[in-house]
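# A closer look at the structure
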Amino acid sequence: LSLQTRPVVVVHRREVLDASAEAATCGVKPATPVSRVLRLCPEAHVVEFVPERYQACYQTVWDVLAQHTPLVEPTELHEGFFDLTGCLRREEALPRRVEAIRQQLWEAAGVRGKLGGGACKLVAKLAAAQERLISPEETSEFLAPILIGELDCLDAALRERLRRLGIDTLGRLSRVPENVLARHFGQTGVLLHR
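These figures come from a predicted structure and were not determined experimentally. (Residues numbered from 1 in each chain as written. Predicted model: local features only at pLDDT ≥ 70, side-chain atom pairs only at ≥ 80, totals over all residues. Heavy atoms only, no water.)

### With respect to the sheet that holds strand β2 (residues 15-19)
Strand pairing within a sheet occurs via backbone hydrogen bonds; the two strands may be parallel or antiparallel. The strand order β2-β1-β3 describes an open sheet built from 3 strands, whose pairing is mixed. Every interior strand has two partners, whereas the edge strands, β2 and β3 (45-48), have only one. Adjacent strand axes in the sheet meet at a mean angle of 35° when their direction is disregarded. (Pairing = 2+ DSSP bridges. Helix = DSSP H or I, 4+ residues; strand = E, 2+ residues; numbered from the N terminus. Axes fitted to C-alpha atoms, helices over the stretch in contact; angles between N-to-C directions.)

### Focus on helix α6 (residues 121-130)
Listed as buried for α6 are V123, A124, L126, A127 and A128. Elements in contact with the buried residues of α6: β5 (79-82) and α7 (139-143). Immediately downstream of α6, the backbone of E131 shows phi near 50°, a positive value. (Buried < 20%, exposed > 50% of the residue type's maximum accessible area, 1.4 Å probe, protein only. Contact = heavy atoms within 4.5 Å.)

### Notes on the side chain of T32
The residue T32 is located in the loop between α1 (21-24) and α2 (34-40) in this model. Assessed through its relative accessible area of 6%, T32 is described here as buried. A distance of 2.7 Å separates a polar atom in the side chain of T32 from the backbone oxygen of K29. The contact partners of T32, leaving out residues within four places of it in the chain, are R14, E15, V16, G27, V37 and L40. (Polar contact = N/O pair within 3.5 Å; in protein donor to acceptor, adjacent residues only side chain to side chain.)

Following this line, the structure appears as structure tokens:
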């Protein structure tokens, strides 16, 4: 049976590491416990991630990215950031460069990477999930509807405290004055405002 149209879920340490678009439509997302995966998506094909098996492939991916910029920062085996600001200084069309990288990743490693871009790492990570390039002018509009409860970069207790204050999206968070956030969250509130 072909996996091309079947929901595929990659798990590591009893949690979802990544999910295909078909599995994501069932509600499976990174960090979902394996015990929940088959309840959400009974037809999912679950694959155990074994880092040693994929190390050579990931090295090829990082090598391809390093051909485009010296600023490559792997954050995990399957995720990282790379800075293409130099392309913009040469007035190169960023979408064309990103498409060239996608093609090169496919040819060198057989990988269809999810690439996205933005003015900061948070925007780039969120944009990658949608395979979009978000310009600085689009950033506020792009971030506004994003649910704070879905941001794994904030710990669960902080997300819950924000929810109790009625701050459920990044758009709502952006409208709270810095002094109010500082009063509720101290220095963390100042960082949230930024």
